Amino acid sequence: MSSQEEILSDGRFSCVTRDPRFWEMPEKERKIKIDKRFRAMFHDKKFKLKYTVDKRGRPVNYTSTENLRKFYALSESDSDHSENDSKEHTEKKKKKRKAKPKGEADS
């Protein structure tokens, strides 16, 4: 820790602590938000690969779905909006069908 304090107190690196380019990314912003249309990639077999070794040849015991969960998160607000939109859309279709008389043909 003392070496880190020396670096921060050094005049050459003092701008690093104030520069937003070097700040750590907030955890809420790290994961990319995806909507419910892509929910299947977390449990579909097409997206699942079982790794036995990493890129350096060391044995590992994880799957690609764990990587997906690490980088992607389901967007709750988008899924709520899309569910409400889909409900409204189906209600409009029902009202439209009821309003149309059966005897008339579509033009």
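Everything here concerns the structure above.
Residues numbered from 1 in each chain as written. Predicted model: local features only at pLDDT ≥ 70, side-chain atom pairs only at ≥ 80, totals over all residues. Heavy atoms only, no water.

### Considerations on the overall build of the protein
Tallying secondary structure elements over the protein gives five helices and four strands in all. Buried residues in the protein amount to 12% of all 107 residues. The contacts in the protein between residues at least 6 apart in sequence include a share of 44% that link residues at least 24 apart. Carbon and sulfur atoms form 53% of the exposed surface of the protein, whose accessible area is close to 10300 Å². (Helix = DSSP H or I, 4+ residues; strand = E, 2+ residues; numbered from the N terminus. Buried < 20%, exposed > 50% of the residue type's maximum accessible area, 1.4 Å probe, protein only. Contact = heavy atoms within 4.5 Å. Areas by Shrake-Rupley, 256 points an atom, 1.4 Å probe, with all protein chains shown as cover.)

### Comments concerning the environment of Y72
Locating Y72 in the fold gives a position in strand β4 (residues 72-74). Setting aside its immediate chain neighbours within four residues, Y72 contacts K31, I32, I34, M41 and F42.

### Observations regarding the side chain of T65
Following the sequence through the fold, T65 ends up in helix α4 (residues 64-71). The class of T65 is buried, set by a relative accessible area of 10%. Each residue touching T65, except ones within four places of it in the same chain, is listed here: M41, F42, F47 and K48.

### Concerning a nonpolar patch on the surface
Where nonpolar side chains cluster on the molecular surface, the patch consists of I7, F13, V16 and F22 and spans about 350 Å² of accessible area. Locating F13 in the fold gives a position in the loop between α1 (2-9) and α2 (14-18). For F13, a relative accessible area of 35% gives the class partly exposed. (Patch = residues over 30% accessible without salt bridge, like charges linked within 9 Å, V, L, I, M, F, W, Y side chains within 5 Å. Salt bridge = Lys/Arg side-chain N within 4 Å of Asp/Glu carboxyl O.)

### Observations regarding the pairing of strand β3 (residues 59-63)
In the case of a regular strand, side chains alternate between the two sheet surfaces. Of the pairings in the sheet, the one linking strand β2 (residues 50-53) to β3 comprises three bridges and is antiparallel in character. Within β3, the residue paired with K50 across the bridge is T63. Count of turn residues in the β2/β3 antiparallel hairpin: five residues, of which G57 carries a positive phi of about 90°. (Pairing = 2+ DSSP bridges.)

### Comments concerning a positive patch on the surface
Side chains of K28, K31, K33 and R69 sit close together on the surface and give a patch of like positive charge. Relative accessible area serves as the criterion here: at 48%, R69 is assigned to the partly exposed category. (Lys, Arg positive; Asp, Glu negative; His and termini not counted. Charge placed at Lys NZ, Arg CZ, Asp CG, Glu CD.)

Everything listed is a geometric property; what it means functionally is a separate question.
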